[in-house]
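Architecture at a glance
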Amino acid sequence: MSPASTGASTSVGAVMSVPSSDSASDSRMTPGGPGYRRMSLALFLAGVATFALLYSTQALLPLISGEFGVAASEASWTVAAATGGLALFVLPMSALSERFGRRTVMTASLAVAVTVGMLVPFAPSIGALVVLRAVQGAALAGLPASATAYLAEEVRPKALVTAIGLFVAGNSVGGMSGRVITGWVAQEWGWRVSVGVIGAIAVACAVAFRLLLPAPKHFTPGSLRPRVLLGTVRDHLSDPLLRRLYAIGALFMTVFGGVYTVIGYRLTAEPFGLPQGIVGSIFLVYLVGTVSASTAGRLVGRLGRRGALYLAAGTTAAGLLLSPAGSLPLVLLGLVLITAGFFAGHAVASSAVGKTATHGRAQASALYQSAYYIGSSAGSTVGAMAFHAGGWTGTVGVGLLAVLGVVTITVLGSRAARVAARREPVAAH
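Packing of helix α5 (residues 77-100) against helix α6 (residues 102-117) brings their axes to within 7 Å, and their N-to-C directions diverge by 135°. Considering the angle they form, α5 stands oblique to α6. On the side of α5, the interface is formed by M93, L96, S97, E98 and F100, while α6 contributes R102, T104, V105 and S109. Along the lines of polarity and charge, the residues of the contact of α5 with α6 split into 4 nonpolar, 3 polar and 2 charged.

Moving on to the confidence of the model for the protein chain. Low pLDDT marks stretches whose predicted atomic positions should not be read closely. The predicted model of the protein chain averages 82 in pLDDT, with 90% of residues at 70 or higher. Across the protein chain, helix α7 (residues 126-140) holds the top mean pLDDT of 95, while helix α1 (residues 3-6) sits lowest at 30. Within the model, the stretch residues 1-23 combines pLDDT values under 50 with 46 contacts to residues more than four positions away or in other chains.

Our next topic: the nonpolar core. By size, the foremost hydrophobic cluster in this structure holds 126 residues, and its most contacted members are M39, L43, L151 and Y260. With 16 residues, the single largest contributor to this core is helix α12 (residues 240-268). Aside from chain neighbours lying at most four places away, what touches Y260 is Q58, F283, V285, Y286, L335 and T339.

Once that is clear, we can look at helix α2 (residues 36-54). With 19 residues, α2 extends 27 Å from end C-alpha to end C-alpha; this agrees with the ideal 27 Å at 1.5 Å per step. Within α2, 15 of the 19 residues are buried, leaving the element largely enclosed by the surrounding structure.

About the thresholds
Residues numbered from 1 in each chain as written. Predicted model: local features only at pLDDT ≥ 70, side-chain atom pairs only at ≥ 80, totals over all residues. Heavy atoms only, no water. Axes fitted to C-alpha atoms, helices over the stretch in contact; angles between N-to-C directions. Helix = DSSP H or I, 4+ residues; strand = E, 2+ residues; numbered from the N terminus. Parallel < 35°, antiparallel > 145°, perpendicular 65-115°, else oblique. Contact = heavy atoms within 4.5 Å. Nonpolar A, V, L, I, M, F, W, Y, C, P; charged D, E, K, R; others polar. pLDDT = per-residue confidence, 0-100. Core = buried A, V, L, I, M, F, W, Y, C linked by side-chain atoms within 4.5 Å. Buried < 20%, exposed > 50% of the residue type's maximum accessible area, 1.4 Å probe, protein only. Expected span 1.5 Å × (residues − 1).

Now the structure itself:
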């Protein structure tokens with residue numbers, strides 16, 4: 001796509017530091033080619049482990065509130081601390097991946113995260129639990145940006161959106177399975193046993209990831225000098241398209257984090273009064289996110305990047321407006337639409353970051369992930385506060401404001417693209 005059709009600024013170079021996908025000498029992976037299936041499965045499992053660990057307490061918040069005697073807004077910090085830790089450390093971890101390699105950093109991150117995951121069930125207080133979750137989130141920071149950078153370097157551009165979509169699909173499966181499993185296990189044996197089970201599953205995923213992921217062939221070590229890192233970050237933040245993509249990722253995640261942090265409180269209370277196991281099973285709607293994320297590439301092909309973002313935002317808003325209904329089927333339909341819209345929007349925005357950055361891709365992806373998880377922390381905290389103050393309607397209001405922000409930013413991007421397109425012929429003369 002041309003810059004005019006995507007909203008990219010013409011200052012973002014089209015020349016990549018790796019061979020063109022049309023070159024016969026291009027050895028990067030492509031669907032059906034050597035190593036592609038192993039790579040896809042490895043990063044899918046990494047995505048499963050990341051989201052299963054990161055949100056392992058989210059479906060259990062009512063039980064955690066009950067055991068420690070705290071309100072929803074306090075218990076929500078067990079989620080916000082993990083996502084906040086990830087947001088703070090994703091940029092430093094991406095710098096390490098530029099120096100020591102994507103696979104090395106991802107492996108080390110998973111190893112530390114799963115180790116902490118086995119300690120979480122023994123937290124003696126809400127404060128200790130929050131601290132452990134923050135450390136776990138910081139450890140997981142090595143996964144998202146490094147994975148996206150690995151794909152941008154090792155996969156041909158035409159297959160990049162699909163490959164990243166599969167990684168995001170792994171996120172959705174991890175988020176779904178983690179919440180479903182914790183819900184049913186917690187109903188029988190309590191929340192501590194349930195998070196221990198998730199930790200054990202994550203250990204298995206981490207081992208399989210390391211055994212399956214092909215060694216990188218196109219990685220070039222970079223510098224760890226802070227001056228170089230800050231210069232790269234400054235370059236990315238000066239690009240208008242990247243700034244818009246970062247904001248869009250944060251706003252989409254604000255909606256998602258807020259909704260899924262407090263949905264358990266709403267469904268366990270009247271008029272629904274659902275048991276913990278059934279509430280955990282509600283997260284099966286993540287399967288919709290798996291499908292929408294993995295098909296994001298085709299969506300962009302048909303509608304363009306901005307068209308896909310408009311559709312994702314509209315779908316999310318429709319789900320939010322349906323969710324306050326007093327009918328459980330309508331609430332579930334609302335969750336389905338919110339989930340489909342969120343994962344589609346996230347896959348489109350995150351893959352656009354990988355395509356737009358011409359250097360320091362790990363830093364470009366890290367900035368996106370930082371914004372994304374700041375949105376998650378904000379959504380978890382503000383969504384819980386809004387729920388405490390105004391019930392589910394308050395949480396929906398926060399979500400609708402975030403969706404409005406996505407639409408506004410996309411409209412501004414469209415206008416910027418049209419202005420750039422009009423200037424190009426003048427500059428040519």
